[in-house]
Amino acid sequence: MGYPNKGENHHSGIKNEKEIVKYQNLKQNQENEINKYLQDKHNGEKFQWIHKGGTKVKEDAIVKYKSDIFEKISIKNHQNGTFDWINTTALIKDELKIKIKNFKQENMKKSNKGKDITSEMREECSNIFSNAFTSLTSDDIEDLLNNIYQSYPTNILVNNKKEKKLILFDKLCLSEYFDKENKNKFILKSTDRAKTSRQIWIVKEDGTEINTNLRIRMTLNNGIGALFKKTSVPCIKIQQDCVEKFIESCSNKIITEY
């Protein structure tokens, strides 16, 4: 059976989540690999997929069993490039908020309320975010990643659109880099032309450096034009680079082809 998988923005992302829930609830899919795994996990009890979503929760769906117990599931759509582990305005430091506020006030007239954004304005804004990375310590990054890890549901499902596969795995696959108990020492590395993001690396006690394939990005959530219309604020993202490599590293995956 074919699977609807068009769209890349936030709204189409929600649509895809709903389509996955609908697909998993179809009678002919009740015995697919993921549904069978979830049923066996609770002694064969019947269940239903329900779309959840929203900005306040990490689970995009829940699997509710007949006995009213449920499993929370985070859904990631992947075709090319990266996906986000978190995209939030809540973790931005006050110092950065003040600098963006000052930038807005200084350029409001020149920008014609966001209608005339010059290359110089874009460059200045990018530099503000770029300089903000210098204040992030290893402890800051450790706390950020650990907060993500602790708040995520146990089950993570990646919709690999390119290979037409739904891939379910446990959030324990994130523990090596996200769990604070590992006491990792983090550093940030810049890449060419990427002013508003940094790669996250780990430095071992012997000096060995390991690329986590995680990227931290700080930017305006709705772009610079919207900043002057009061609808754009600083946000922070943790992105998963090299998605295929990450998925390959995950153990005990449950895969359903569609």
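Data block above holds the structure.
Computed from a predicted structure; not experimentally measured. (Residues numbered from 1 in each chain as written. Predicted model: local features only at pLDDT ≥ 70, side-chain atom pairs only at ≥ 80, totals over all residues. Heavy atoms only, no water.)

I tried to follow helix H4 (residues 119–132) on my own but got confused; where do I start?
The α-helix advances 3.6 residues per turn, and as a result positions three or four apart in sequence lie on the same side. Between its terminal C-alpha atoms H4 stretches 20 Å, which fits the 20 Å expected from 14 residues at 1.5 Å a residue. Of the residues making up H4, those classed as buried are Met121, Cys125, Ile128, Phe129, Ser130 and Ala132. (Helix = DSSP H or I, 4+ residues; strand = E, 2+ residues; numbered from the N terminus. Expected span 1.5 Å × (residues − 1). Buried < 20%, exposed > 50% of the residue type's maximum accessible area, 1.4 Å probe, protein only.)

How should I be thinking about the pattern of salt bridges in this particular structure?
Oppositely charged side chains can pair when the atoms bearing their charge come close. The final tally for this structure, using the stated rule, is 10 salt bridges. Of the charged contacts in the structure, one is a salt bridge between Asp40 and Lys36, with a shortest N-O distance of 3.1 Å. Residue Asp40 and its partner Lys36 are located together in helix H2 (residues 33–41), separated by four residues, close to a single helical turn. Residue Asp40 is classed as partly exposed on the basis of its relative accessible area of 45%. For Glu163, the salt bridge goes to Lys165, with nearest N and O atoms at 3.5 Å. (Salt bridge = Lys/Arg side-chain N within 4 Å of Asp/Glu carboxyl O.)

Help me out: how do you make sense of the side chain of Thr256 in this one?
Structurally, the position occupied by Thr256 is in strand E11 (residues 254–257). In terms of polar contacts, Thr256 uses its side chain to reach the backbone amide nitrogen of Ile34, at 3.1 Å. Residues in contact with Thr256, not counting those within four places in the same chain, are Asn32, Glu33, Ile34, Lys164, Lys165 and Leu166. (Polar contact = N/O pair within 3.5 Å; in protein donor to acceptor, adjacent residues only side chain to side chain. Contact = heavy atoms within 4.5 Å.)

It is not clear to me how the environment of Gln48 should be interpreted in this structure. Could you clarify?
Relative to the helices and strands, Gln48 resides in strand E1 (residues 47–51). Residue Gln48 is classed as partly exposed on the basis of its relative accessible area, which comes to 45%. When the C-alpha atoms of Gln48 and Val63 are compared, they prove to be 5.6 Å apart, with 15 residues separating the residues in sequence. When neighbours within four sequence positions are excluded, Gln48 is seen to be in contact with Asn25, Ile62, Val63 and Lys64.

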